[in-house]
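# Structural characterization, general
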Amino acid sequence: MDTELLTRIAAALERLAPPPAPPPSLEGADAFVWHPARNQLSPVPKVSRVDIVLLQGVARQKEIILENTLRFARGLPANNAMLWGARGMGKSSLVKAAHAEANRLHPGSLALIEIHREDIRTLPDLLGHLRGQERRALVFCDDLSFEKEDADYKALKSVLDGGIEGRPANVLFYATSNRRHLMSRDMIENERSTAIHSGEAVEEKVSLSDRFGLWVGFHNCDQDTFFAMIDGYAGAMNLPIGQEELHAAAVEWSVTRGGRSGRVAWQFIQEMAGRLGVKG
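Residues numbered from 1 in each chain as written. Predicted model: local features only at pLDDT ≥ 70, side-chain atom pairs only at ≥ 80, totals over all residues. Heavy atoms only, no water.

## Digging into the pairing of strand β1 (residues 31-35)
Of all 5 residues in β1, 4 are buried; the element is thus mostly enclosed. As judged from the 3 bridges shared by β1 and strand β4 (residues 110-114), these two strands associate in the parallel manner. Paired with Phe 32 across the strands is Ile 113, a residue of β4. Taken together, the 4 bridges between β1 and strand β2 (residues 40-43) define a ladder with antiparallel strand orientation. When the bridges of β2 are listed, Trp 34 appears paired with Leu 41. Hairpin connection between β1 and β2: a loop of 4 residues separates the two successive antiparallel strands, and Asn 39 in this loop has a positive phi of roughly 55°. (Buried < 20%, exposed > 50% of the residue type's maximum accessible area, 1.4 Å probe, protein only. Helix = DSSP H or I, 4+ residues; strand = E, 2+ residues; numbered from the N terminus. Pairing = 2+ DSSP bridges.)

Next comes the structure, spelled out in structure tokens:
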């Protein structure tokens, strides 16, 4: 087969092949979800969130995260952050609310990118796409933790340490977790039992959390804080009910739910709004 014929066949195959997908872009939306299998950032037209003023019982945490996020949105140095602690106390809500507040004060400055826990190993690939883009990006992983025999933490460790390239100046990483050290106890104990120098191996696992510049804890709320959450949500929705009746119903609801938290308060308000015929 002569060279000319091979060249024509190759050209024909190139015409039949689909064009390569364009690199992920941060244009067209303020929030995206990372899909590594498709090498794509899917835009999110409307983020499910609550206004930052409605987040009660986490005043100090709100101050820390908001200040850090606003600093980053203004183009100033900021820290990666881990928000850890009690379930339902507003960790992910605070991240989304701080992002919205940053874009309210500095329109279009900051894109929010959600990366799912199971995709954390592709975080370096995502950062490679974001490196060099003009827009700043807040990469967010909700409910991050690692189990026994899970090596994905190495990708996160590389990103937090900076690696040979360093973290892109236009990217910040926030994560939430119910665990203080991101690792399960079994995972830590397994490292202790199998390592030659068990203390060093365990320290490597535990110190993953220490690689976040900000380490912000969330704790279970007392009844007064729970009532403050209830009153804030009820006021924002203009629920036609007296405070005494509202609080009594909230106490009953929290008992049936087995505890008090921001999530329980929001679920209760949704229930009351439905009962009272108030649209959200």
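## Side note on the packing of helix α8 (residues 223-237) against helix α10 (residues 262-276)
Packing of α8 against α10 brings their axes to within 9 Å, and their N-to-C directions diverge by 40°. The pairing of α8 with α10 is recorded here as oblique in orientation. Considering how the two elements wind past one another, α8 and α10 form a crossing that is right-handed. Residue-level contacts link Phe 226, Met 229, Ile 230, Tyr 233, Ala 234 and Met 237 of α8 to Gly 262, Val 264, Ala 265, Trp 266, Phe 268, Ile 269, Gln 270 and Ala 273 of α10. Here the residues of the contact of α8 with α10 sort into 12 nonpolar, 2 polar and no charged. (Axes fitted to C-alpha atoms, helices over the stretch in contact; angles between N-to-C directions. Parallel < 35°, antiparallel > 145°, perpendicular 65-115°, else oblique. Left-handed = near helix turned anticlockwise from the far one by under 90°. Contact = heavy atoms within 4.5 Å. Nonpolar A, V, L, I, M, F, W, Y, C, P; charged D, E, K, R; others polar.)

## Describing the pattern of salt bridges
Within this structure, the stated rule accounts for 5 salt bridges. Among the ionic pairs, Glu 67 bridges to Arg 71, the shortest N-O distance being 3.0 Å. Here Arg 71 and Glu 67 lie together in helix α2 (residues 59-73), a separation of 4 residues that amounts to about one turn. (Salt bridge = Lys/Arg side-chain N within 4 Å of Asp/Glu carboxyl O.)

None of this, on its own, says anything about what the molecule does.
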